Amino acid sequence: MKTQSQIQFRKFDFSKKLDLGMDLLRNVESIVKGIVSKRDESIRWVFQPYVDLIDSMIEGAENPENLIFHNFTVSPELIHSMDLMSFSPEALSFFAPAEYVAAYRDCSLIEHVPEHMCSFLSTALGMAVSNVMPKPKGILYASHPCDNGVALGQALSEYYRVKAFIIDSPYDDNKKAHEYFAGQIKDLFRYLEEITGKRLNIDRLRESCKRSDKAHELLYQINELKKNKPCPLASSAILRAISIAMYMMVDTEDTIHWLERLLEDVKQRVDKGIGGKCEEKMRIAWIYTLPSFDPAIFEWMEEKFGATSVIFQGADSFYWPIYKPIRKHDYDYSFDELCLILANKSLNTPMARQSRGHLDRFVRDTIHWCKEWDIDAAIFSGHIQCKANWSAAQVAKEALMDELGVATLIHEIDCIDPRVVSAEQIVGKMEPFLEMVAENKGL
Amino acid sequence: MSIVAGCDVGSVTGKTVILDGDEIISSSIIPSRPLPAKTAGETMNQALEKVGLDIKELKYVVGTGYGRVKIPFANKTVSEIACHAKGVGWLMETAGTLIDIGGQDCKAIALDEKIRGKVKSFVMNDKCAAGTGRFLEVMAAVFEIEPKEIGPLTLKAKKIVSISSQCSVFAESEVVSLIAEENDRFDILAGVCDSVAGRIVSLVGRVGLREDVAISGGVGKNIGVVKAIERRLNVELKDLPGDPQIMGALGAAIIAQEICSK
């Protein structure tokens, strides 16, 4: 009798000589659209944010005079409202095949990037020095979530000889802090006006914020429905799709339409009691990042343990109530008020919220998710470079056990470079942990 | 009750325990071969031969250890953490904390207060050789002795020479330097064991120390490491009524027996 899982983890060949100067964007487009096209037609729409983002990046590359590089925690509303095109180098890192991630990372080491820098950032720099990204008109980076992000922004600025604006995020999370950040946003608009010669159009900013609000409201409803058992949205691919849509395209009509369709789909699944592919036996919260280089890790969790990934920080903390100075039905906010709204949004996106300031915010958010979504086990997986979060991990673990009796696994990963920690190593750590959770649940 | 077995394929040794009901009727420990399946086959055959059994007479086999998925005759695989906890809990009802130091990793496991052998929490170090059997192997090679000789030699130490490097490679260089400085070899070896203890004690701190404390894995036989852990934790490690190295295989066999009893 054989009962072992037959799931095969991806094998990577890092010995191949790669053409790092190829048209990476087109190559990634071909890969992503190829993967999506192989899916059943009835569910292809679910992956639309992947396609939309690639399309927008290609469009941006074809219009470099309007192209603004930004890190993922700089809200795209700021760029789109100036009639400019957003392009996140880290997003291209995310899409690149693992073998290319490895090769571009190695390239970045030549540019004196420390090898412990996470691959989202170092790969982006490697792509820059390999000339596979277009030269941008401007560069916007933020001091959250990490110092290395700032370093990347500065490195890109030097490489492309383009003036960068590093938006400074406050440590605290109160009215004064938000006002400070709103001031930073005003400076950011001045920077964009200066480098592009364009003028900020308040009406356009208002529309952008309005669409973004709508997207947040839709995600709020979707996430509330995830409290149902089985979880109606039990797919790591969709969690990542949400993350892409909300980080990169939150203020677009396409994102709103996609979220509306997702909400309707989730409602129907709740009505019919449909969960994931496997029976839901335990509910998992990924309280920080998750491995993206091999979906088989999630298939293994589901198949072997019935472990459903319900919460993912990168997809679940976008919906915190949006601050509005005065509730206005006609959305007739002043420029100052819009900047405050944007400050609130920016500071409350995933990582921007939890990786900034006092670690209590990370801990309380984690407890909130695990309590409200009735989570059985939490997983903190993160890159060792993310020092702010690693300092919170053990505190969160103890708090989750003390307050909710929820066990936490803490382990190191790199989201997109399997050379750091392989799928087999990740599963090797998760297996005893999930065995323990299963036994505690009497499974 | 049935005849069942547990097979633990580790990085350094392969172990098998055969249970007839709740009695251990045979066990085996062999050095690991390059192929986990070969290690599993050899250790299982050795254990079976000792009691004149054929593998077909085993009702159920649970595999564990890093090579568990490669054990061709395993009906089920379970992680070594669950198996070590099960084995130690079976032998020692009062165990509250289990330290498992294997060839390539080390773990601190908090055991449930109410249910014997149940894992409550654990932390592990599997990113580097520090605090593992491999670290001791490297150090033994520097002194041109067998790893099993390290423990007894440390009992002759007059003091502990501190090894500041955690990385095995750097520690090896540091030990070579300490030898060149004519430090006493017993004192250096005591420092080597203390270094291993330092790694594991930091893990214990993260799961929380609760007595009684037991140690399993091959390094559990090293008196130098055991004494160093006791000194650092300020507790006495309880002797297991069995070979600490076979706890994983024993736990796997107990799980096999539990499955057959359902």
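Calculation notes
Residues numbered from 1 in each chain as written. Chains lettered and ligands numbered in written order. Predicted model: local features only at pLDDT ≥ 70, side-chain atom pairs only at ≥ 80, totals over all residues. Heavy atoms only, no water. Axes fitted to C-alpha atoms, helices over the stretch in contact; angles between N-to-C directions. Helix = DSSP H or I, 4+ residues; strand = E, 2+ residues; numbered from the N terminus. Parallel < 35°, antiparallel > 145°, perpendicular 65-115°, else oblique. Left-handed = near helix turned anticlockwise from the far one by under 90°. Contact = heavy atoms within 4.5 Å. Nonpolar A, V, L, I, M, F, W, Y, C, P; charged D, E, K, R; others polar. pLDDT = per-residue confidence, 0-100. Pairing = 2+ DSSP bridges. Expected span 1.5 Å × (residues − 1). Buried < 20%, exposed > 50% of the residue type's maximum accessible area, 1.4 Å probe, protein only. Right-handed = clockwise from strand over helix to strand, strands pointing away. Buried area = accessible area lost by both parts, 1.4 Å probe. Salt bridge = Lys/Arg side-chain N within 4 Å of Asp/Glu carboxyl O. Polar contact = N/O pair within 3.5 Å; in protein donor to acceptor, adjacent residues only side chain to side chain. Patch = residues over 30% accessible without salt bridge, like charges linked within 9 Å, V, L, I, M, F, W, Y side chains within 5 Å. Areas by Shrake-Rupley, 256 points an atom, 1.4 Å probe, with all protein chains shown as cover. Lys, Arg positive; Asp, Glu negative; His and termini not counted. Charge placed at Lys NZ, Arg CZ, Asp CG, Glu CD.

**Q** Just to check I follow, could you spell out the packing of helix α2 (residues 48-62) of chain A against helix α10 (residues 236-248) of chain A for this structure?
**A** For any two helices packed against each other, the geometry comes down to the angle between their axes and how far apart the axes lie. Residues and elements named next belong to chain A. Put simply, α2 and α10 touch, their axes get as near as 8 Å, and they point 40 degrees apart. Taken together, the axis directions place α2 and α10 in an arrangement best described as oblique. Every pair of crossing elements has a handedness; the one defined by α2 and α10 is left-handed. Across the interface between the two elements, Pro49, Tyr50 and Leu53 from α2 touch Ala237, Arg240, Ala241, Ile244, Ala245 and Met248 from α10. Each residue belonging to the contact of α2 with α10 can be placed in one class, and the counts come to eight nonpolar, no polar and one charged.

**Q** Got a minute to help me understand the confidence of the model for chain B in this structure?
**A** The predicted coordinates should not be examined in detail at positions where pLDDT is low. Summing up the model confidence of chain B, the mean pLDDT is 94 and the portion of residues at 70 or higher is 100%. Under the prediction, the complex receives an ipTM of 0.81, its pTM being 0.89.

**Q** Can you walk me through the sheet that holds strand β3 (residues 138-142) of chain A in this structure?
**A** Through backbone hydrogen bonds, the strands of a sheet pair up, either in parallel or in antiparallel fashion. Residue and element names in this part refer to chain A. Strand order in the open sheet formed by four strands is β2-β1-β3-β4, and the pairing between neighbours is parallel. Strands at the two margins of the open sheet, each flanked by one partner only, are β2 (85-87) and β4 (164-167). Taking each pair of neighbouring strands and ignoring which way they run, the sheet shows an average axis angle of 25 degrees. Sheet topology places strand β1 (residues 67-70) next to β3; three bridges connect them, and they run parallel. Counted as the bridge partner of Phe69 is Ile139 from β3. Along the sheet, helix α8 (residues 175-196) makes contact with β1, β3 and β4, crossing β4 at roughly 170 degrees.

**Q** Got a minute to help me understand the sheet that holds strand β7 (residues 106-111) of chain B in this structure?
**A** Residues and elements named next belong to chain B. Strand order in the open sheet formed by four strands is β8-β7-β6-β9, with mixed pairing between adjacent strands. Strands at the two margins of the open sheet, each flanked by one partner only, are β8 (119-125) and β9 (213-216). Strand after strand, the sheet turns through a mean of 15 degrees between neighbouring axes, direction not considered. Inspection of the sheet shows strand β6 (residues 97-101) paired to β9 by four bridges, in the parallel sense. Across the sheet, residue Thr97 finds its bridge partner in β9, namely Val213. Its contacts with the sheet place helix α7 (residues 223-233) against β6 and β9, and it is angled at close to 140 degrees to β6.

**Q** What am I meant to see in helix α2 (residues 80-91) of chain B here?
**A** Along an α-helix, residues three or four positions apart point the same way, because every turn accommodates 3.6 residues. The end-to-end C-alpha distance of α2 of chain B is 16 Å, a good match for the 16 Å that twelve residues give at a rise of 1.5 Å each. Counting buried positions along α2 of chain B yields ten of twelve residues, so the element is predominantly enclosed.

**Q** Please clarify how the pairing of strand β8 (residues 407-412) of chain A should be interpreted in this entry.
**A** In regular strands, side chains alternate between the two faces of the sheet. Residues and elements named next belong to chain A. In terms of residue burial, β8 counts as a mostly covered element, since six of its six residues are buried. Neither face of β8 is exposed, since Ala407, Leu409 and His411 on one face and Thr408, Ile410 and Glu412 on the opposite face are all buried. As defined by bridge partners, strand β7 (residues 377-382) adjoins β8 across six bridges and the pair is classed as parallel. Bridge pairing in β8 links Phe380 to Ile410. Once the chain exits β7 it traverses helix α16 (residues 387-404) before rejoining the sheet at β8, and the crossover so formed is right-handed.

**Q** Where do I start with the interface of chain A and chain B in this structure?
**A** Every contact between the two is made by 19 residues of chain A and, on the other side, 24 residues of chain B. Of the roughly 1,800 Å² buried at the junction of chain A and chain B (both faces included), carbon and sulfur atoms supply 43%. Its salt-bridge partner being Glu431 of chain A, residue Arg68 of chain B comes within 2.4 Å of it at the nearest N-O pair. Between chain A and chain B we count four residue pairs in polar contact (both at pLDDT 80 or more) in total. Of all the elements in the fold, those that place two or more residues in the side of chain A that touches chain B are α16, β8 and α17 (423-440) of chain A. Here the residues of the side of chain A that touches chain B are counted per class, giving seven nonpolar, four polar and eight charged.

**Q** Hey, could you run me through the environment of Val169 of chain B in this one?
**A** Residue and element names in this part refer to chain B. Here Val169 lies in helix α5 (residues 168-180). Judged by its relative accessible area of 54%, Val169 is exposed. For the pair formed by Val169 and Thr132, sequence separation is 37 residues and the distance between their alpha carbons is 13 Å.

**Q** Is there a simple way to think about a negative patch on the surface in this case?
**A** Residue and element names in this part refer to chain A. Together, Glu207, Glu253, Asp254 and Glu260 line one region of the surface with negative charge. Per element, the largest residue contribution to the negative patch is three residues, and it comes from helix α11 (residues 253-272). In this structure, Glu253 sits in helix α11.

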